[in-house]
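# Examining the three-dimensional arrangement
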Amino acid sequence: MAENVVLYDTTLRDGAQGEGISLSVTDKLRITQRLDKLGMHYIEGGWPANPKDLEFFKKVRGLPLKNSTVAAFGSTRRAHGKVSEDFVIKGLLAAKSKVITLFGKSWDLHVQDVLRTSLDENVNMIRDSVEYLKGKRAQVFYDAEHFFDAYKANPDYAMRTIQAAEHAGADVIILCDTNGGTLPERVAAVVRQVASVIKVPLGIHTHN
């Protein structure tokens, strides 16, 4: 039986991070219309904690999109903060998008050396953020940042982070090869292992 392939475009956020690229709100609206015409299922509009992107989210609601659903992108709550008072979480809700894509840390190295918090608190951040946004009736996609590097370094902890997102109600869990260094056969093997445990739909976000 054939399975459906769902496409999620990140041109307006990841693409906008390229050297020498600066997209205006008008640019982003025009690109959105082109992507919708191509039949893209989801379009990541940007980070609504950014005032320009928040303006985009306000204006994109007026476009008569036929094929695409626009998603807002942001991070889990800050360490030891209250999720309902978090600036990024508030911005995600202010975007009023049908989908929110939330990213969090999978790699124990990043939790301890970048976030400078405990492994348990990072799991709490993921769980609290997904649960809170789901409580606001948003469809939540969870981006597991650096997942393949995390799984190589500490598979038990990497799995613990995405299981927290699943148990909190995430609709989709997306495994990210953020550094772009994982070979295709390794990606396939890890996805098979994850799919044997995680029951919600899985996505892939790769970099070259």
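One structure accompanies this document, and this report is about it. (Residues numbered from 1 in each chain as written. Predicted model: local features only at pLDDT ≥ 70, side-chain atom pairs only at ≥ 80, totals over all residues. Heavy atoms only, no water.)

## Some words on the nonpolar core
Worth spelling out the cut-off: What we call a nonpolar core is a set of buried Ala, Val, Leu, Ile, Met, Phe, Trp, Tyr and Cys residues that are connected through their side-chain atoms within 4.5 Å. Each residue gets one of three labels from its accessible area relative to the maximum for its type: buried under 20%, exposed over 50%, partly exposed in between, using a 1.4 Å probe on protein chains only. Under the DSSP-based scheme used, a helix requires at least four consecutive residues in state H or I and a strand at least two consecutive residues in state E, with every element numbered from the N terminus.
With 49 residues, the main nonpolar core has Tyr 142, Phe 147, Ile 162 and Ile 173 as its most contacted residues. A per-element tally of this core places helix H7 (residues 155-168) first, with 7 residues. In terms of nonpolar packing, the next biggest core, distinct from the first, is built from 7 residues, Tyr 42, Ala 71, Ile 174 and Cys 176 among them.

## Quick word on the pattern of salt bridges
Basically, it comes down to this: A pairing counts as a salt bridge when a side-chain nitrogen of Lys or Arg comes within 4 Å of a carboxyl oxygen of Asp or Glu.
Enumeration according to the criterion identifies 10 salt bridges in this entry. Its salt-bridge partner being Lys 105, residue Glu 145 comes within 2.9 Å of it at the nearest N-O pair. Linking Glu 145 in strand S5 (residues 139-145) with Lys 105 in strand S4 (residues 99-105), this pair joins segments that are 40 residues apart in sequence. Grouping residues by exposure puts Glu 145 and Lys 105 together as buried. Through salt bridges with shared partners, a single network forms among Arg 77, Glu 121, Arg 127 and Asp 128.

## Examining the packing of aromatic side chains
Under the convention used in this document: Only centres within 6.5 Å qualify two rings of Phe, Tyr or Trp (six-membered ring in Trp) as a pair; their planes then separate them into stacked at under 30 degrees, edge-to-face at over 60, and tilted for everything else.
The tally for this structure, following the rule as stated, stands at 9 aromatic pairs. Pairing Tyr 8 with Phe 141 gives two aromatic rings, centres 6.2 Å apart and planes at 50 degrees, and the pair type is tilted. Of the two residues, Tyr 8 sits in strand S1 (residues 8-9) while Phe 141 sits in strand S5, which places them 133 residues apart along the sequence. Of the residues examined, Tyr 8 reaches a relative accessible area of 24% and is grouped as partly exposed.

## Concerning the sheet that holds strand S2 (residues 42-46)
The criterion, for reference: Should DSSP find at least two bridges between two strands, the strands are taken to pair. Here, residues are in contact when the closest pair of their heavy atoms is within 4.5 Å. Helix axes are fitted only over the stretch in contact, all axes being lines through C-alpha atoms; the angle between N-to-C directions runs from 0 to 180 degrees.
With parallel pairing, 7 strands are arranged side by side in an open sheet as S1-S2-S3-S4-S5-S6-S7. With partners counted over all chains shown, the strands left at the sheet margins are S1 and strand S7 (202-206), one partner each. In this structure, S5 lies alongside strand S6 (residues 172-177), joined through 4 bridges in parallel fashion. Each residue of the ladder has a partner; that of Ala 144, found in S6, is Leu 175. Here H7 sits on the sheet and contacts S4, S5 and S6; the angle it forms with S6, its principal contact strand, is near 155 degrees.

## A short note on the side chain of Thr 10
Position of Thr 10 among the secondary structure elements: in the loop between S1 and helix H1 (25-38). Residue Thr 10 is classed as buried on the basis of its relative accessible area, which comes to 17%. Residue contacts for Thr 10: discarding those within four places in its chain leaves Gly 15, Glu 44 and His 205.

## Here we look at unusual backbone geometry
Backbone geometry follows two general trends: most residues other than glycine have a negative phi, and most peptide bonds adopt the trans configuration. For Lys 96, which is not a glycine, the phi torsion comes out positive at approximately 55 degrees. Of note, Lys 96 is situated in the loop between helix H3 (87-94) and S4. Phi is positive for Arg 137, which is not a glycine, with a value near 70 degrees. In this fold, Arg 137 is placed in the loop between helix H5 (119-135) and S5. Overall, the relative accessible area of 81% leaves Arg 137 in the exposed class.

## Quick notes on the pairing of strand S3 (residues 69-75)
The cut-off we apply is this: By convention a crossover is right-handed if, when the strands point away from the viewer, the path from the first strand over the helix to the second runs clockwise.
Here S3 lies mainly inside the structure; 6 of its 7 residues are buried. Bridge analysis of S2 against S3 gives 4 bridges, and the strand direction is parallel. Looking at the pairing, Glu 44 lines up with Ala 71 of S3. Read as a crossover between parallel neighbours, the route from S2 over helix H2 (residues 51-60) to S3 is right-handed.

## A closer look at the pairing of S6
Across the 6 residues that make up S6, a large majority, 6, are buried. Residues Val 172, Ile 174 and Cys 176 line one face of S6 and the alternating positions Ile 173, Leu 175 and Asp 177 line the opposite face, and both faces are buried. Sheet topology note: the S6/S7 ladder contains 5 bridges and is parallel. Looking at S7, one finds that Asp 177 is bridged to Thr 206. Handedness of the crossover joining S6 and S7 through helix H8 (residues 184-195): right-handed.

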